[in-house]
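Breakdown of the fold
The primary structure of each chain is shown beneath.
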Amino acid sequence: MRLTTPRRRQGWLRRLGSATFNYPDVGATGGRLPDGYRHLHRDVRVGRGRAAFERAGEGLLTWDLHRRTGLHVDTVGPRVVPGQDVLLTLGPAGYGVTVPCRVIAVTDESDRRGFVYGSLPGHVEAGEAGFEVRHEVDGDVRFRLVAFARPDTLALRLAGPVGDALLSLVGDGYVAACRRLALGVVPPRRG
């Protein structure tokens, strides 16, 4: 965990290329989640119809979902791509706690869009998260979030159940942001 400024994040982002994941179970969101981690599952209806799916899917693959949860996103390129490193910062105007991740896989199909990323050294947790938006046959648009994580800092380990509650709140934030994307809610302009 690092308290960072925008300038420090740019240097950090350039150095991530040689980093390896800080957990051994890379890719496990695609199957049975590994033991020894907290697990998070969300699979909820966020809208209906092709237009809602397109808005939510595009927002997911352009990092807008993460921005709408209050995160500042630093990465190279406007779209999510496999192997892409990203720094996510929680704090006012992009100053605050920054965590590094790397995109593992991307799905961009006619009725399914999403990606998986995993944590890199310097992240407060070790684990991975998978995000997916689906346009179902019945017209419903569903958002699915699957994650597993364990504390990777002493402070978070000491937090115990508070860490579990925070993980759940993060999941709820992603669901709410995806629902706003699907509905076409325009975020307020920042001063």
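Before going into details, it helps to say that this report is about the structure given with it. (Residues numbered from 1 in each chain as written. Predicted model: local features only at pLDDT ≥ 70, side-chain atom pairs only at ≥ 80, totals over all residues. Heavy atoms only, no water.)

**What about the pairing of strand 5 (residues 96–109)?**
Where strand 4 (residues 85–90) lies against strand 5, six bridges are found, and the strand directions are antiparallel. Following the sheet pairing, Thr 89 is matched in strand 5 by Thr 98. Sheet topology places strand 5 next to strand 6 (residues 112–119); eight bridges connect them, and they run antiparallel. The residue bridging Val 103 from the neighbouring strand is Tyr 117, located in strand 6. Taking the residues that link successive antiparallel strands as the turn, the strand 5-strand 6 hairpin has two residues. (Pairing = 2+ DSSP bridges. Helix = DSSP H or I, 4+ residues; strand = E, 2+ residues; numbered from the N terminus.)

**Examining the pattern of salt bridges**
Throughout the structure, instances matching the rule amount to 18 salt bridges. Between Asp 140 and Arg 48 there is a salt bridge, and its shortest N-O distance comes to 2.8 Å. Here Arg 48 lies in strand 2 (residues 38–48) and Asp 140 lies in strand 8 (residues 140–151), a separation of 92 residues in the sequence. A relative accessible area of 16% means that Asp 140 is categorised as buried. (Salt bridge = Lys/Arg side-chain N within 4 Å of Asp/Glu carboxyl O. Buried < 20%, exposed > 50% of the residue type's maximum accessible area, 1.4 Å probe, protein only.)

**Focus: the packing of aromatic side chains**
On inspection of all chains with the given rule, the structure shows nine aromatic pairs. Ring centres of Phe 21 and Tyr 23 lie 5.8 Å apart, and the angle between their planes is 70°; this geometry places the pair in the edge-to-face category. A relative accessible area of 24% places Phe 21 in the partly exposed class. With centroids separated by 4.8 Å and ring planes inclined at 75°, the aromatic side chains of Tyr 37 and Phe 148 adopt a geometry described as edge-to-face. With Tyr 37 in the loop between helix 1 (6–15) and strand 2 and Phe 148 in strand 8, this pair connects stretches of sequence that are 111 residues apart. The exposure class assigned to Tyr 37 is buried, which follows from its relative accessible area of 9%. Through a chain of ring-to-ring contacts, three or more aromatic side chains come together here, namely Trp 63, Phe 115, Tyr 117, Phe 131 and Tyr 174. (Phe/Tyr/Trp six-rings, centres within 6.5 Å; stacked < 30°, edge-to-face > 60°.)

**A look at the side chain of Arg 102**
By the secondary structure assignment, Arg 102 is in strand 5. Among the residues examined, Arg 102 registers a relative accessible area of 12% and is labelled buried. Of the polar contacts made by the side chain of Arg 102, one reaches the backbone oxygen of Leu 16; its length is 2.7 Å. Residues in contact with Arg 102, not counting those within four places in the same chain, are Leu 16, Gly 17, Ala 19, Thr 20, Phe 21, Gly 83, Gln 84, Asp 85, Val 116, Tyr 117, Gly 118 and Leu 120. (Polar contact = N/O pair within 3.5 Å; in protein donor to acceptor, adjacent residues only side chain to side chain. Contact = heavy atoms within 4.5 Å.)

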